[in-house]
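Structural overview for review
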Amino acid sequence: MSDTQLTVTLSGGDADDARAVVRVLEGTFGAADQRPSEERATVRVATFTGAERAAAGTGDAGPLSAPVTVTVQGAPEAVRRASDTLTRSFTARDEGTVSGDQEQERQLLLEP
């Protein structure tokens with residue numbers, strides 16, 4: 001299995017919402033290398049660089065306190081898996097995808 005390189009940028013909601021999103025992704029990608037922690041931040045970042053897990057996470061994330069915009073960026077397969085995991089765990093609206101030579105970026109709006 002190839003290593004994952006995924007960056008997750010979160011805006012909106014609060015730190016607990018950001019942590020809930022990251023916990024859901026950890027079910028698919030293993031522990032995050034960097035987790036959102038700053039309580040007063042308006043944009044939070046999490047990164048994953050470990051080997052992907054074989055089965056996608058489907059944990060119950062619980063409700064969000066506010067809409068959260070999530071941008072996932074990395075290898076196309078990692079972005080697809082992250083998007084699939086998030087849409088199974090939250091009410092999500094796809095806000096668009098941008099593909100590059102080696103990477104892809106997708107933005108989702110997660111709603112409470």
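Below you will find a few notes about this structure. Being a predicted model, the structure only gives us computed values, none of them experimental.

This brings us to the overall build of the chain. For the chain, the count of helices and strands is two helices and five strands. Counting from the amino terminus, the chain carries its helices and strands in the arrangement β-α-β-β-α-β-β. When each of the 112 residues of the chain is scored for burial, the buried share is 40%. If you take every contact in the chain between residues at least 6 apart in sequence, the share linking residues at least 24 apart comes to 70%. Accessible surface computed for the chain: about 5,900 Å², of which carbon and sulfur atoms make up 45%.

This next bit is on the nonpolar core. Here is a general trend for soluble globular proteins: nonpolar side chains tend to be buried in one another's company. Leu-6, Val-8, Val-21, Phe-48, Val-70, Leu-86 and Leu-110 are the most contacted members of the largest nonpolar core, which has 24 residues in total. Among the secondary structure elements, those contributing two or more residues to this core are strand S1 (6–11), helix H1 (15–29), strand S2 (43–48), strand S3 (68–74), helix H2 (76–89) and strand S5 (104–111). The leading source of residues in this core is H1, at six residues. For Leu-6, the contacting residues outside a window of four places in its chain are Phe-29, Ala-46, Thr-47, Phe-48, Val-72, Gln-73, Gly-74, Ala-78, Val-79 and Ala-82.

We now examine the pattern of salt bridges. The tally for this structure, following the rule as stated, stands at seven salt bridges. Here Glu-77 ties to Arg-80 by a salt bridge, and the two come within 2.4 Å at their closest N and O atoms. With Glu-77 and Arg-80 both in helix H2 and three residues apart, this pair spans about one turn of that helix. Owing to a relative accessible area of 36%, Arg-80 belongs among the partly exposed residues under this scheme. In the salt-bridge network here, residues are joined through shared partners; they are Glu-77, Arg-80 and Asp-84.

Conventions adopted
Residues numbered from 1 in each chain as written. Predicted model: local features only at pLDDT ≥ 70, side-chain atom pairs only at ≥ 80, totals over all residues. Heavy atoms only, no water. Helix = DSSP H or I, 4+ residues; strand = E, 2+ residues; numbered from the N terminus. Buried < 20%, exposed > 50% of the residue type's maximum accessible area, 1.4 Å probe, protein only. Contact = heavy atoms within 4.5 Å. Areas by Shrake-Rupley, 256 points an atom, 1.4 Å probe, with all protein chains shown as cover. Core = buried A, V, L, I, M, F, W, Y, C linked by side-chain atoms within 4.5 Å. Salt bridge = Lys/Arg side-chain N within 4 Å of Asp/Glu carboxyl O.

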